[in-house]
Structure formats: structure tokens, C-alpha cells
Amino acid sequence: MGLRERKKQATRRALQEAAVGLTLKHDLENVTVEEIAAAVDVSPRTFFNYFSTKEEAVLGNAPLSPDEESREVFTAGGPTGDFVNDLTHLITASFVSWEDVTAHRTLMRLRKQILEREPQLATRAFAQLHGAEEGLGRTIAQRLGSAPGDARPQLIAATAMSVMRHTMKRLDFHEGEDAEHVRARLREGFHHLSEVYAPSSD
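Residues numbered from 1 in each chain as written. Predicted model: local features only at pLDDT ≥ 70, side-chain atom pairs only at ≥ 80, totals over all residues. Heavy atoms only, no water.

Student: I'm lost on the overall build of the protein chain in this one. Help?
Tutor: Scanning the protein chain for helices and strands turns up 11 helices and 0 strands. Secondary structure of the protein chain in N-to-C order comes out as α-α-α-α-α-α-α-α-α-α-α. Taking all 202 residues of the protein chain together, 37% fall into the buried category. (Helix = DSSP H or I, 4+ residues; strand = E, 2+ residues; numbered from the N terminus. Buried < 20%, exposed > 50% of the residue type's maximum accessible area, 1.4 Å probe, protein only.)

Student: Sorry, what's going on with the side chain of arginine 111 here?
Tutor: Relative to the helices and strands, arginine 111 is located in helix H8 (residues 105-117). Looking at arginine 111, its side chain comes within polar contact range of the main-chain oxygen of leucine 59, at 3.2 Å. When sequence neighbours within four positions are dropped, the list of residues in contact with arginine 111 reads Gln16, Val20, Ala57, Val58, Leu59 and Gly60. (Polar contact = N/O pair within 3.5 Å; in protein donor to acceptor, adjacent residues only side chain to side chain. Contact = heavy atoms within 4.5 Å.)

Student: Could you clarify how one ought to interpret the pattern of salt bridges in this entry?
Tutor: Between side chains of opposite charge, a pair can form when the charged atoms approach closely. For the structure shown, the criterion picks out 5 salt bridges. Its salt-bridge partner being glutamate 17, residue arginine 13 comes within 2.8 Å of it at the nearest N-O pair. Of this pair, arginine 13 and glutamate 17 both sit in helix H1 (residues 3-26), separated by 4 residues, roughly a single helical turn. Residue classification places arginine 13 among the partly exposed positions, given a relative accessible area of 28%. Exposure remark for glutamate 17: the relative accessible area of 37% places this residue in the partly exposed category. In this structure, the salt-bridge partner of arginine 117 is aspartate 27, at a minimum N-O distance of 2.7 Å. Here arginine 117 is found in helix H8, whereas its partner aspartate 27 is found in the loop between H1 and helix H2 (33-40), with 90 residues between them in sequence. (Salt bridge = Lys/Arg side-chain N within 4 Å of Asp/Glu carboxyl O.)

Student: Hey, could you run me through helix H9 (residues 119-144) in this one?
Tutor: Structurally, the α-helix is built with 3.6 residues per turn, so residues lying three or four positions apart point the same way. When the terminal C-alpha atoms of H9 are compared, their 37 Å separation across 26 residues agrees well with the 38 Å that a helix rising 1.5 Å per residue should span. Residues of H9 that are buried: Leu121, Ala122, Ala125, Leu129, Ala132, Glu133, Gly135, Leu136, Gly137, Thr139, Ile140 and Arg143. (Expected span 1.5 Å × (residues − 1).)

Student: When you look at the side chain of threonine 88 in this model, what are you seeing that I'm missing?
Tutor: By secondary structure assignment, the location of threonine 88 is in helix H6 (residues 83-94). Residue class for threonine 88 comes out buried when judged on its relative accessible area of 8%. Setting aside residues no more than four positions away along its own chain, threonine 88 makes contact with Arg187 and Phe190.

Student: Where do I start with the environment of alanine 38 in this structure?
Tutor: Here alanine 38 is to be found in helix H2. Taking the C-alpha atoms as reference points, alanine 38 and leucine 15, separated by 23 residues in sequence, lie 9.5 Å from one another.

Student: Can you help me understand the nonpolar core in this one?
Tutor: A general feature of soluble globular proteins is that nonpolar side chains tend to end up buried together. Counting 22 residues, the largest nonpolar core has Leu15, Ile36, Phe47 and Val58 as the members making the most contacts within it. Looking at this core, the elements that each hand over two or more residues are H1, H2, helix H3 (44-50), helix H4 (54-59), H8 and H9. The leading source of residues in this core is H1, at 6 residues. Residue contacts for isoleucine 36: discarding those within four places in its chain leaves Leu15, Ala18, Ala19, Leu22, Val31, Phe47 and Lys54. With 15 residues, the next largest nonpolar core counts Ala132, Ile140, Ala157 and Leu186 among its residues. (Core = buried A, V, L, I, M, F, W, Y, C linked by side-chain atoms within 4.5 Å.)

Below, the structure written as C-alpha cells:
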């Protein structure tokens with residue numbers, strides 16, 4: 001990563017931290033884009049180079065979709081050939097490739113507090129996840145070769161995202177919860193789910 005990109009990432013994170021800190025202190029409705037920008041010593045115009053709204057700055061705008069390489073491997077039947085294992089791998093490798101879990105642990109913990117206090121933000125966060133869920137459903141449909149109108153891919157995607165949401169709610173984002181810890185917790189959730197749907201041995 002070049003110096004310019006590192007500076008951009010530093011500015012993005014500083015704006016997010018300012019937005020989160022001001023929201024916790026004053027509540028979202030009492031915080032302006034101008035105040036967030038001023039806290040980082042940048043202009044409102046610079047703010048809008050990174051975020052379209054103050055809500056986006058509070059929640060973050062990291063991508064919630066699998067990367068193209070992971071998607072191609074999954075739709076081709078990989079990486080293991082077992083559907084549940086491959087779906088687990090797709091989500092844990094792509095949706096949780098966040099260095100944020102380690103580097104931005106405090107920020108994520110504070111965001112969790114905000115979501116509990118600001119229901120309108122929780123609705124927006126769920127909308128982001130819904131978009132990711134629809135994209136995952138299309139990827140699953142490609143893997144299964146589903147015909148138009150087949151409800152299974154979207155149902156599987158909805159179930160998978162529910163496991164993800166449940167896992168994230170259980171995290172405290174303390175010192176021991178690094179990215180691999182999050183992946184392990186997600187794999188555990190999918191394992192429990194596969195046990196429920198596994199055929200009886202009787």
C-alpha cells in the first residue's frame with residue numbers, strides 16, 4: 001500500500017472515529033457533517049469524498065460482499081466440494097476479511113453501543129446487510145444452477161446472514177477477539193446449523 005492510500009485510510013478512520021465519538025456524546029440528530037469534519041481538521045468537501053452522509057460515517061462503508069475471486073471459487077464448486085463448508089468459507093473469508101476486527105476493535109465496540117441507542121441507524125445497518133444477503137443469494141443460485149423462481153438460494157442466504165448477525169451480536173470486541181476469533185465463531189454457528197439440518201442417522 002502506497003503512502004497516498006495509507007493517508008486516505010487514516011483520514012477515513014479519523015472521520016469515522018470523530019463521527020462515532022460525537023454521536024455518543026451528543027446523539028446523532030445533534031451532530032453535523034461540519035462538526036465531524038472540523039474535529040479531523042478537514043473541510044466538509046473532504047468529508048464527502050469519503051462518506052455520503054453522517055450516518056454512513058458512523059456505521060462505516062466497508063464492502064459487505066464477497067470478493068470476486070472467492071465468489072468464482074464458490075460458484076465453480078470449491079474450495080472443498082461440500083456445500084455447507086464452502087458457504088462457510090465464502091462468508092468467513094470474504095465478509096470477515098476485516099482487519100477492522102483487530103485494528104478498529106474499540107470503534108466497533110462503540111458502534112455497537114450506538115446501534116443500541118439509535119434505532120434508525122440499526123434499520124440502516126440491517127438494510128446494508130439485506131443488500132449483502134441478496135447478493136449472496138445470487139451467488140448461491142449460480143452454484144446450485146437454480147432455475148428462475150427457485151426460492152432455495154435466497155432462503156439459504158437469509159439463514160447464513162442470520163448466523164452472521166447472531167455471531168456479531170455476541171461479540172464484545174475485547175482484546176482477544178481478533179479476525180480469526182470472529183471466523184471461528186462464525187464457523188461454529190454454521191456447524192450448529194448444519195447439525196440441525198443433517199439427516200438423522202437412525
